[in-house]
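Chain by chain, the residues run as shown.
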Amino acid sequence: LPLRNPIGFGVSDFVELALALLLCGLLFGWAYFGGWLRKLAEHERWCLLLMGALPIALRLILLPRCPVPIPAGADDFGYVLLADTLRHFRLANPTHPLSQFFEAVFIIQHPTYSAIYPLGQGIVLALGLILFGSFWAGVLISSGILCAACYWMLRAWMSAGWALLGGFVAVMTFGPLCQWTNSYWGGDLSATAGCLVFGALPRWKERPRLAAVVLGIGLALQLLTRPFEFLILCAAVVLYFAC
């Protein structure tokens, strides 16, 4: 709805205007700091570290105004149940004696009490709880890994400068304001798997052993996270080698 202002802009209008100004600022900033950024872009390891740390740092800065998200909705509850099950080193839980009173969407009660989802996102949430005492810590770490993986993938397809710019775009897209970062149903892990696969393919001729390992990790992550997308990813790999 329009806010009370002379130009009649609503919230969405101000958001679009802010994004447009941000993009213009990035263009001017690239022109002004282009030399320094080109030097930075040549150091791939530092850029990887920057792309991984930047979304995490930005989201932590927002914590006073935007605290740790609370699970909300069937997807979040299902993944949190999966993570808690894995944290106890189980793949499923015994059926509750009064299971008919605890039925929920995306959660089955028979023959076992468990979520319907693959293990990938649950493993990430469980690691966050084990290492940092919070399911959301796993989400935040996976967000940083995704942004770093996006840069690593682009570095194989284009010049260092454009890959660095693409990494910053990934931070803005999948970083602190992304729905994936502010919920528990994920997306970062599946996207990271795709980045690993498509980043390994162009490196196959130069470093076949490393590319094979990364390709296998990417396919395994996709299988653990999104089995249907895993089939599409395998088809893309086959087409790449066939062509």
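Read on for a plain summary of the structure. Everything quoted here is computed from the prediction, not taken from an experiment.

## Some points on the environment of Trp 204
With respect to the helices and strands, Trp 204 occurs in the loop between α8 (188–200) and α9 (208–225). Along the chain, Trp 204 and Tyr 184 lie 20 residues apart, while their C-alpha atoms are 34 Å from each other. Contacts of Trp 204, omitting those with residues within four sequence positions, involve Ala 211, Ala 212, Leu 215 and Phe 241.

## What to know about the packing of aromatic side chains
In the structure shown here, the tally under the stated rule is five aromatic pairs. A ring pair is formed by Phe 174 and Trp 180, whose centres lie 5.6 Å apart and whose planes are at 10°; its orientation type is stacked. With relative accessibility at 21%, the residue Trp 180 sits in the partly exposed group. On the numbers, 5.6 Å between centres and 85° between planes, the contact of Tyr 240 with Phe 241 is edge-to-face. Under the relative-accessibility criterion, Tyr 240 is labelled partly exposed at 34%. An aromatic cluster is present here, built from Tyr 79, Phe 106 and Tyr 117 joined pairwise through their rings. When the ring centre of Trp 152 is taken as origin, the NZ or CZ atom of Arg 203, which lies over that ring, is 3.9 Å away.

## Brief notes about the nonpolar core
Formed by 19 residues in total, the largest nonpolar core has its most connected members in Leu 40, Cys 47, Met 51, Cys 150, Tyr 151, Leu 164 and Cys 195. Only α2 (34–41), α3 (44–61), α6 (135–157) and α7 (160–174) provide two or more residues apiece to this core. Residue contacts for Cys 47: discarding those within four places in its chain leaves Leu 40, Ala 41, Tyr 151 and Leu 164. The next biggest cluster of nonpolar side chains, apart from the first, holds 15 residues, and it includes Tyr 79, Leu 86, Tyr 117 and Leu 140.

## Quick look at the pattern of salt bridges
Across all of its chains, the model carries two salt bridges by this definition. For the salt bridge of Arg 203 with Glu 44, the shortest nitrogen-to-oxygen distance reads 3.8 Å. With Arg 203 in the loop between α8 and α9 and Glu 44 in helix α3, this residue pair connects regions lying 159 residues apart in the sequence. Owing to a relative accessible area of 17%, Arg 203 belongs among the buried residues under this scheme. For Glu 44, a relative accessible area of 28% translates into the label partly exposed. Salt-bridge contacts for Asp 84 lead to Arg 87; the nearest nitrogen and oxygen are separated by 3.1 Å. Taken as a pair, Asp 84 and Arg 87 lie in helix α4 (residues 74–87) at a separation of three residues, close to a single helical turn. Classification of Arg 87 as partly exposed rests on a relative accessible area of 31%.

## Description of unusual backbone geometry
Looking along the chain, the bond that leaves His 110 and enters Pro 111 is cis, with omega of 5°. Looking at the element boundaries, Pro 111 is found in the loop between β1 (107–108) and β2 (114–115). A positive phi angle, close to 65°, is found at Phe 106, a residue other than glycine. Mapped onto the elements, Phe 106 comes out in the loop between α4 and β1.

## Section: a nonpolar patch on the surface
Side chains of Val 11, Val 15, Leu 19, Leu 22, Leu 23, Leu 26, Val 169 and Met 172 sit close together on the surface and give an oily, nonpolar patch of about 670 Å² of accessible area. At the level of elements, α1 (11–32) and α7 are the ones that each hand at least two residues to the nonpolar patch. Examining the composition of the nonpolar patch, we find that six residues originate from one element, α1, more than from any other. Given a relative accessible area of 52%, Val 11 falls into the exposed group.

Reading the values: the criteria
Residues numbered from 1 in each chain as written. Predicted model: local features only at pLDDT ≥ 70, side-chain atom pairs only at ≥ 80, totals over all residues. Heavy atoms only, no water. Helix = DSSP H or I, 4+ residues; strand = E, 2+ residues; numbered from the N terminus. Contact = heavy atoms within 4.5 Å. Phe/Tyr/Trp six-rings, centres within 6.5 Å; stacked < 30°, edge-to-face > 60°. Buried < 20%, exposed > 50% of the residue type's maximum accessible area, 1.4 Å probe, protein only. Lys NZ or Arg CZ within 6 Å of the ring centre and 35° of its normal. Core = buried A, V, L, I, M, F, W, Y, C linked by side-chain atoms within 4.5 Å. Salt bridge = Lys/Arg side-chain N within 4 Å of Asp/Glu carboxyl O. Patch = residues over 30% accessible without salt bridge, like charges linked within 9 Å, V, L, I, M, F, W, Y side chains within 5 Å. Areas by Shrake-Rupley, 256 points an atom, 1.4 Å probe, with all protein chains shown as cover.

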